[in-house]
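Coordinates in review
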Amino acid sequence: MGDVMIRVLGAVALAGCAVLAVPGQAAADDGARRLFTFKDPRITESSGLAVSPTHDGIYYTHNDSSATPTFYAVDGKGRTKATFQVRGAEARDWEAMAASKDPETGQGVLWFADIGDNLDGAWPDVSVYRVVEPRTLADATLPATRYRFRYADGARNAEGIMVNPRTGRLYVVSKEFAGSVYAAPKKLRTGKTNVLRRVASAPLMATDAAYAPDGSSYVVRTYFSATLYHPSGKSIAKVSMPDLRQAESITYTADGKALLTGTEGPNSPVYRVPIPSKAVSTPRPTPTKAPASQAAAAETRGAEESGTGSTAKNILIWLAAAATALGTITFIARRTR
């Protein structure tokens, strides 16, 4: 929604941040550093970020709304190695991307999410495009498979997608004051609209999300910080992030030991933030009466608490502080569709 909205949210966050502390909160250590800066002048609104599943040292990104269905492969110095067009795709409001591997072929798979909806219901459905990762890093036009989605509980704005590498399941994370994680069907279909169902809570105003390479955890980014979760939706820790102009993207490094985060704007930087050792996920014992899989348990529990560290009382306190800004944000959203 632009810099004005971010400034409004920043003021509100200062009023409410004290009640949003997560048990076990861990600040990023001094190892946080700038990994690279995008050199390509065409990359002006980097909104999605992913590490290549098959090309060492290659990262992918794409621009936000009002752009063509284009993505870029860049190296560890931020130099564009190849530019790809996605055939037959729309770029209404591309907000996120994810990368995974096809368990049968071992090929890399890239997912592009056209899920932005600043009016929270302007679009009857949203789309995610599946693209087989190119084997050669050279400019090309690539075919895509389009999957349409709708939310079981009504349309909403979203800026995060992630794919569980253990199950291959796709998730969408909404960007709201009371955000949610939505699970896609286990089997996606092209001939019908797939239904997204709420399975967990998410932090306020989430701007991106990603699964760890080994599937042991996932991370959700907001404008102000990032939070790590177990696949069940239970929180592990909050990780402080570098101060960025408009924090829009996050992903894990290939080894899962750090997070990469970026921002919009020309010549925007990407930072590497080590995950503190005390924030590393340790699976919790599963009660005998619960399903064997924590991921399955999260999907069947529906509105499971995500563990943002806020009790219901804390959320109400934060929302009271945010109420003074809600009208302004709504007005800006309608003016900057």
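1. Points about the pairing of strand β11 (residues 158-163)
Strand residues, when the strand is regular, have side chains that alternate between the two faces of the sheet. Of all six residues in β11, six are buried, a share of seventy percent or more. Across five bridges, β11 lies against strand β12 (residues 170-174) in antiparallel orientation. When the bridges of β12 are listed, Met162 appears paired with Tyr171. Hairpin connection of β11 to β12: six residues between the antiparallel strands, including Gly168 at a positive phi of 75°.

2. Some details on the pattern of salt bridges
Opposite charge on two side chains makes pairing possible when the charged atoms of those side chains draw close. Within the structure shown, the criterion is met by eight salt bridges. For Asp102, the salt bridge is made with Arg130, and the minimal N-O distance between the two is 3.4 Å. One end of the pair, Asp102, is in the loop between β6 (94-101) and β7 (108-114); the other, Arg130, is in strand β8 (residues 126-132), with 28 residues separating them in the sequence. As a salt-bridge pair, Asp153 and Arg156 come within 3.4 Å of each other at their nearest N and O atoms. Judged by its relative accessible area of 40%, Asp153 is partly exposed. For Arg156, a relative accessible area of 12% gives the class buried. Through salt bridges with shared partners, a single network forms among Asp153, Arg156 and Glu176.

3. A few points about the nonpolar core
Within the largest apolar cluster, 20 residues are counted, with the highest numbers of intra-cluster contacts made by Trp111, Ile115, Phe149 and Ile161. Sorting the residues of this core by element identifies β6, β7, β8, β10 (145-151), β11 and β12 as the ones contributing at least two each. Residues in contact with Ile161, not counting those within four places in the same chain, are Ala96, Met97, Ala98, Trp111, Ala113, Ile115, Leu170, Tyr171, Val172, Asp208, Ala209 and Ala210. The next biggest cluster of nonpolar side chains, apart from the first, holds 17 residues, and it includes Val86, Ala89, Phe112 and Leu142.

4. Description of the side chain of Thr61
Topologically, Thr61 is positioned in strand β3 (residues 59-62). In terms of polar contacts, Thr61 uses its side chain to reach the side chain of Ser46, at 2.6 Å. Reaching out from Thr61, the side chain makes a polar contact with the backbone oxygen of Gly48 at a distance of 2.7 Å. When near neighbours in sequence (up to four residues on either side) are disregarded, Thr61 contacts Phe38, Ile43, Ser46, Ser47, Gly48, Phe71, Tyr72 and Met97.

5. Comments concerning the environment of Ala206
Checked against the element boundaries, Ala206 lands in strand β15 (residues 206-211). For Ala206, a relative accessible area of 1% gives the class buried. For the pair Ala206 and Ser225, spaced 19 residues apart in sequence, the C-alpha to C-alpha distance is 9.6 Å. The contact partners of Ala206, leaving out residues within four places of it in the chain, are Glu159, Val173, Ser174, Lys175, Val220, Arg221 and Thr222.

6. Topic: the packing of aromatic side chains
Across all of its chains, the model carries 13 aromatic pairs by this definition. On the numbers, 5.2 Å between centres and 20° between planes, the contact of Tyr218 with Tyr229 is stacked. Residue Tyr218 is found in strand β16 (residues 218-222), and its partner Tyr229 is found in strand β17 (residues 225-229); the two are separated by eleven residues along the sequence. Judged by relative accessible area, which is 3%, Tyr218 ranks as buried.

Parameters at a glance
Here, residues in each chain are numbered from 1, in the same order as that chain's written sequence. Per-residue local features are limited, in this predicted model, to residues with pLDDT of at least 70; the limit for side-chain atom pairs, both in listing and counting, is 80 or more; totals at the level of whole chains, interfaces and linings are taken over all residues. Note that the side-chain values use all heavy atoms of the structure and ignore hydrogens as well as water. When accessible area is computed with a 1.4 Å probe and restricted to protein chains, residues below 20% of their type maximum are described as buried, those above 50% as exposed, and intermediate ones as partly exposed. Numbering goes from the N terminus for both helices and strands, where a helix is a DSSP run of H or I of at least four residues and a strand is a run of E of at least two. When DSSP finds two or more bridges between a pair of strands, those strands are recorded as paired. Note on definitions: salt bridges are taken to be side-chain nitrogens of Lys or Arg within 4 Å of carboxyl oxygens of Asp or Glu. By convention a nonpolar core is built from buried Ala, Val, Leu, Ile, Met, Phe, Trp, Tyr and Cys residues, the set being connected through side-chain atoms within 4.5 Å. Note on contacts: a residue pair qualifies if any of its non-hydrogen atoms lie within 4.5 Å across the two residues. Polar contact criterion, stated in full: a pair of N or O atoms within 3.5 Å, where within protein one must be able to donate a hydrogen and the other to accept it, and residues adjacent in sequence count only if both atoms are side-chain atoms. In this analysis, rings of Phe, Tyr and Trp, with Trp reduced to its six-membered ring, are considered paired at centre separations within 6.5 Å, and the interplanar angle assigns stacked below 30 degrees, edge-to-face beyond 60, and tilted for intermediate values.

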